[in-house]
Amino acid sequence: MRNLCLFVCFAFVAVFNLAAQNWDVNTLHRVNSWDSPAARNYFSFISRSEPYIVMGVPVAMAVAACIKNDRRLMKDALYVGTSVVGTFALTYGLKYLIDRPRPYVTYPDRVHPYSYEDSPSFPSGHTATAFALATSLSLRYPKWYVIAPSAIWACSVGVSRMNEGVHYPSDVLTGALLGAGFAVANVYINRWLNKWLFE
């Protein structure tokens, strides 16, 4: 009886893993196949915009705070900036710890890469930092005109990484959770940081 239970458990895990892997690859294949000129131009632009926006927004906030001598805005810039930088560090640490190959390496017959990356696949760093930025801005400025555009942009970054053929859906979903989760946790980290820097 014990052996039968073990066999059923192992069989269930094997089938579940296979189904999850098939979902991951099939979903990626579908999104990667959106290759109309309009879709390609949009997703290529969004994917390439990510590093400039995630670094540019907190830097612009800090510069504006210095010009206006606005202490509150400087605190917000520090929170948004540390959310992005902390998420980046966490994500890249996980990338090299897990060391998952890019989908175009594992499935060259099913995934067409529109760009090539040097780092491992899991989780998606672009998606993680995009969601860290969107979540931190939404928490600091909970207005619809901040939340809606930042959420749409962050989700578009995630989809663009699949369309580029450089990430699985599981990479993107995990990156989104890491980015949003770190931004929420960073609220409490920044309380200590603000006391240390500003008081």
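Remember, it's a predicted structure, so these values are computed and weren't measured experimentally.

(A) Expanded view of the packing of aromatic side chains. Under the counting rule described, the total for this entry stands at 6 aromatic pairs. A ring pair is formed by Trp144 and Tyr145, whose centres lie 5.8 Å apart and whose planes are at 85 degrees; its orientation type is edge-to-face. The exposure class of Trp144 is exposed, given its relative accessible area of 67%. With relative accessibility at 51%, the residue Tyr145 sits in the exposed group. An aromatic cluster of at least three residues, connected via ring pairs, comprises Trp34, Tyr42 and Phe43. Across from the ring centre of Tyr114, 3.7 Å away, lies the NZ or CZ of Arg40, which sits over that ring. One Lys or Arg, Arg100, reaches over the ring of Tyr168 and ends 3.8 Å from the middle of that ring.

(B) Quick peek at the nonpolar core. Core analysis: the largest hydrophobic core is formed by 21 residues, its most contacted members being Met61, Val80, Leu133, Leu137, Trp153 and Ala154. Of all the secondary-structure elements, those providing two or more residues to this core are α2 (37-68), α3 (71-98), α5 (125-140), α6 (144-163) and α7 (169-198). In this structure, Leu133 is in contact with Ile53, Val54, Val57, Pro58, Val80, Val84 and Trp153, ignoring residues within four places of it in sequence. If you look at the next biggest cluster of nonpolar residues, it comprises 10 residues, including Val25, Met162, Val166 and Val172.

(C) The packing of α3 against α5, seen in detail. Running from N to C, α3 and α5 point in directions that differ by 155 degrees, and their axes come no closer than 9 Å. One element, α3, and the other, α5, form an angle in the roughly antiparallel class. In the crossing of α3 with α5, the sense of the turn from one axis to the other is right-handed. Residues Asp76, Tyr79, Val80, Ser83, Val84, Thr87, Phe88, Thr91, Tyr92 and Lys95 of α3 lie in contact with α5, whose contacting residues are Gly125, Ala128, Thr129, Ala132, Leu133, Ser136, Leu137, Leu139 and Arg140. In terms of residue class, the contact of α3 with α5 is made up of 10 nonpolar, 6 polar and 3 charged.

(D) Representation of the environment of Asp76 within the structure. As for its placement among the helices and strands, Asp76 is situated in helix α3. Along the backbone, Asp76 and Ser136 are 60 residues apart, and their C-alpha atoms lie at a distance of 8.9 Å. Filtering out sequence-adjacent residues up to four positions away, Asp76 remains in contact with Met61, Arg140 and Tyr141.

About the criteria used
- Residues numbered from 1 in each chain as written.
- Predicted model: local features only at pLDDT ≥ 70, side-chain atom pairs only at ≥ 80, totals over all residues.
- Heavy atoms only, no water.
- Phe/Tyr/Trp six-rings, centres within 6.5 Å; stacked < 30°, edge-to-face > 60°.
- Buried < 20%, exposed > 50% of the residue type's maximum accessible area, 1.4 Å probe, protein only.
- Lys NZ or Arg CZ within 6 Å of the ring centre and 35° of its normal.
- Core = buried A, V, L, I, M, F, W, Y, C linked by side-chain atoms within 4.5 Å.
- Helix = DSSP H or I, 4+ residues; strand = E, 2+ residues; numbered from the N terminus.
- Contact = heavy atoms within 4.5 Å.
- Axes fitted to C-alpha atoms, helices over the stretch in contact; angles between N-to-C directions.
- Parallel < 35°, antiparallel > 145°, perpendicular 65-115°, else oblique.
- Left-handed = near helix turned anticlockwise from the far one by under 90°.
- Nonpolar A, V, L, I, M, F, W, Y, C, P; charged D, E, K, R; others polar.

Scope: geometric values only; no functional claims are made or implied.
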